[in-house]
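# Survey of secondary and tertiary structure
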Amino acid sequence: MANETNPRPTKNERRAQARVEAAAAREQEKKREKRNRLFLQGGIAVGVIAVLAIIALVLTQSIKPAGPGPENMASGGAVFGKDLKVVTGPALQPGDERVAPEANFDELPVEVTVYSDYMCPFCGQFEQQYGTMLENYVGAGDVELTVYPLNFLDNASLGSKYSTRAANLFACVVDQQPDHAFKLNNALLSAEVQPAESTTGLTDAQLIEQAEAAGAEATTELRQCVKDRTFASFISANYKQVSEVGMQGLAKGAQLLGADGVTPQNADEPQRLVSTPTVIVNGQQWSQSRDGDLESYLLKVKGELEQNGSSDDASADNESADSE
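Residues numbered from 1 in each chain as written. Predicted model: local features only at pLDDT ≥ 70, side-chain atom pairs only at ≥ 80, totals over all residues. Heavy atoms only, no water.

### As for the pairing of strand β2 (residues 110-117)
With 8 of its 8 residues buried, β2 lies for the most part within the structure. Direction of pairing for β2 relative to strand β3 (residues 143-150): parallel, over a ladder of 8 bridges. Counted as the bridge partner of V114 is V147 from β3. With respect to chirality, the unit in which β2 leads through helix α3 (residues 121-140) into the neighbouring parallel β3 is right-handed. (Buried < 20%, exposed > 50% of the residue type's maximum accessible area, 1.4 Å probe, protein only. Helix = DSSP H or I, 4+ residues; strand = E, 2+ residues; numbered from the N terminus. Pairing = 2+ DSSP bridges. Right-handed = clockwise from strand over helix to strand, strands pointing away.)

In structure tokens:
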């Protein structure tokens, strides 16, 4: 009875059933392929949009007009006076030219300018040899020191642009918390902190830690300044100024040494920076190989200024007596 109720499909019926199942399978495969194509197209579209967004961001950043520089650094450098206080002043506005700080080379304090890169090993050696001495003279008011940060060694930090990032941190602190800038500059060039060339250098977080160690507060504003590299273009313009346009603040007729460290640059051409650290004392370049120890040199210049001052005072007294 079971065989009569459920007869076995014939061969033709089995073939027909197979064709129906195959057709259904093909339809399912077509639907699956269509879904995959849609997903792929959607993924490509999302990827294209993401790439375009990145390109737009890069273009926006590259064509965005440079903002103002840090306050207290309109010359390109930060000027430290008595008690290691930053000489305050307005920020350099976009399009304005850097102007050397006003200085009178005929009277105290002695004017010293140091051009350096925070990854430059010789700049570190200079700071480690003379940093404490300069701190004492500047603090006492006998020397006015200008620190001029550069970034020409950016290509020596494996793509991290450490020179720019460290100089930017210095500018951020000068701009926001200037009372801690002198100590920060010393720290960034210390043997314990300064990174070696051909390394990535300190991370942004580690740079902020150095600012804190120097006494600065890690405010949201300071962190954002470091993260955004707010003054990166300002630092790059610093290097362009001294390496292409020429150094400012030199005494009339002063000549910098050329790349060999011996021969003066052409007097009829702009005096350009060729190495760091470059140290200017009262408008003239100091060279250790030519001028000897820096402290001895400063004391010599200081003594001459004091002697000239005494002579001027004596002359004034004589003129006053004669008039009486």
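### Let's talk about the environment of E244
Mapped onto the elements, E244 comes out in helix α8 (residues 232-245). For E244, a relative accessible area of 47% translates into the label partly exposed. For the pair E244 and P270, spaced 26 residues apart in the sequence, the C-alpha separation amounts to 8.2 Å. Leaving out residues up to four positions away in the same chain, E244 has contacts with Y239 and R272. (Contact = heavy atoms within 4.5 Å.)

### A short note on the packing of helix α4 (residues 162-176) against helix α7 (residues 220-228)
The N-to-C vectors of α4 and α7 enclose an angle of 150°; their axes lie 9 Å apart at closest approach. Taken together, the axes of α4 and α7 are roughly antiparallel relative to one another. As for the relative orientation of α4 and α7, their crossing is right-handed in sense. For the pair formed by α4 and α7, the contact residues are N168, L169, C172, V173 and Q176 on the first element and E221, L222, C225 and V226 on the second. When grouped by side-chain class, the residues that make up the contact of α4 with α7 number 6 nonpolar, 2 polar and 1 charged. (Axes fitted to C-alpha atoms, helices over the stretch in contact; angles between N-to-C directions. Parallel < 35°, antiparallel > 145°, perpendicular 65-115°, else oblique. Left-handed = near helix turned anticlockwise from the far one by under 90°. Nonpolar A, V, L, I, M, F, W, Y, C, P; charged D, E, K, R; others polar.)

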